[in-house]
Amino acid sequence: QKEVEQDPGPLSVPEGAIVSLNCTYSNSAFQYFMWYRQYSRKGPELLMYTYSSGNKEDGRFTAQVDKSSKYISLFIRDSQPSDSATYLCAFFMDTGRRALTFGSGTRLQVQP
Amino acid sequence: GAVVSQHPSRVICKSGTSVKIECRSLDFQATTMFWYRQFPKQSLMLMATSNEGSKATYEQGVEKDKFLINHASLTLSTLTVASAHPEDSSFYICSAPNSGIQYFGAGTRLSVL
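In this text the structure is predicted, and so the values were computed from the model without any measurement.

About the thresholds
Residues numbered from 1 in each chain as written. Chains lettered and ligands numbered in written order. Predicted model: local features only at pLDDT ≥ 70, side-chain atom pairs only at ≥ 80, totals over all residues. Heavy atoms only, no water. Pairing = 2+ DSSP bridges. Helix = DSSP H or I, 4+ residues; strand = E, 2+ residues; numbered from the N terminus. Axes fitted to C-alpha atoms, helices over the stretch in contact; angles between N-to-C directions. Core = buried A, V, L, I, M, F, W, Y, C linked by side-chain atoms within 4.5 Å. Buried < 20%, exposed > 50% of the residue type's maximum accessible area, 1.4 Å probe, protein only. Contact = heavy atoms within 4.5 Å. Salt bridge = Lys/Arg side-chain N within 4 Å of Asp/Glu carboxyl O.

Asker: Can you lay out the sheet that holds strand E7 (residues 67-73) of chain B for me, pointing to particular residues and giving the numbers?
Answerer: All names here are of chain B. Spatially, four strands are ordered E1-E3-E8-E7 in an open sheet, and the strand pairing comes out antiparallel. Each edge of the open sheet carries a strand with a single partner, namely strand E1 (4-7) and E7. Here the average twist between neighbouring strands, direction ignored, is 15°. Across five bridges, E7 lies against strand E8 (residues 76-81) in antiparallel orientation. Pairing of Ser73 across the sheet is with Leu76, part of E8.

Structure representation (structure tokens):
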């Protein structure tokens, strides 16, 4: 079983739609949960960062974590063509290996 | 947020050439930096952890004699791809943590002919 599962997409939505991106994970030692956005041929850019179960909102973005189900989500409201990118979930545990563990990324295309 | 600068952004070289990629933390110090490799439409795969003042830690399957890492200072780590071959062509990205958050460089696209 992979540590992190993420649907690679591509996911195509019309402009203005609500987008839901999801990851499941198996390692209960993960303590921090992140979403990165990566445009083509660029480095990942941090969007959301949380360490507790529940929702965290930042503008059009809401990150949701359910530790009991080992499931995290990113919601994008009023999606824009500029949101078209690959979205990577990432996990971190503050013991031993200090690098992030990434999902495979979901490619999102927002159609004007 | 913190800034990580990676240089060069693009390298095209002949087979057998050694290529050096630099990763700098511009406004913070990083005793640890990470090097990732990313193939098209795939996620980032950790190659190695660069440690200031000590040897790098390589992930399983990564050749340390091929991918040489030097963490010369608290703000600079370099990755040298020794005697690059076409199969080394990929997108290489570095990251550095600051206050628990990983910040990434813009990446280096290496094409070996």
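There's more to say after this.
Asker: Can you tell me about the nonpolar core, naming the residues and giving the values?
Answerer: In this structure, Tyr36, Leu100 and Phe102 of chain A together with Tyr36, Phe104 and Leu110 of chain B are the most contacted members of the largest nonpolar core, which totals 42 residues. Considering every element that reaches this core, the biggest residue donor is strand E9 (residues 90-98) of chain B, with five residues. Apart from the residues lying within four places of it in its own chain, the contact partners of Leu100 of chain A are Met34, Tyr36, Ala90, Phe91 and Phe92 of chain A together with Tyr36, Gln102 and Phe104 of chain B. If you look at the next biggest cluster of nonpolar residues, it comprises 24 residues, including Trp35, Met48, Val65 and Ala85 of chain A.

Asker: Lay out the sheet that holds strand E7 (residues 61-66) of chain A with the relevant residues and their values.
Answerer: Residue and element names in this part refer to chain A. Overall, antiparallel pairing links the five strands, which are arranged E1-E3-E8-E7-E6 in an open sheet. Edge positions in the sheet fall to strand E1 (4-6) and strand E6 (54-58), since each of these pairs with one other strand and no more. Ignoring strand direction, the axes of neighbouring strands in this sheet form an average angle of 15°. Both E1 and strand E3 (residues 19-25) contribute to a ladder of three bridges, which runs antiparallel. Along E3, the bridge assignment pairs Gln6 with Cys23.

Asker: Tell me about the pattern of salt bridges, residues and numbers included.
Answerer: In a structure, side chains of opposite charge can pair up when their charged atoms sit close to one another. Under the defined criterion, the tally for this structure stands at five salt bridges over all chains. Between Arg37 of chain A and Glu45 of chain A there is a salt bridge, with the nearest N and O atoms lying 3.2 Å from each other. The class for Arg37 of chain A is buried, based on a relative accessible area of 12%. Across the salt bridge formed by Asp88 of chain B and Lys66 of chain B, the nearest N and O atoms sit 2.9 Å from each other. Taken together, the residues Asp88 of chain B in the loop between E8 and E9 and Lys66 of chain B in the loop between strand E6 (57-58) and E7 connect sequence positions 22 residues apart. On the basis of relative accessibility, which here comes to 12%, the residue Lys66 of chain B falls in the buried class.

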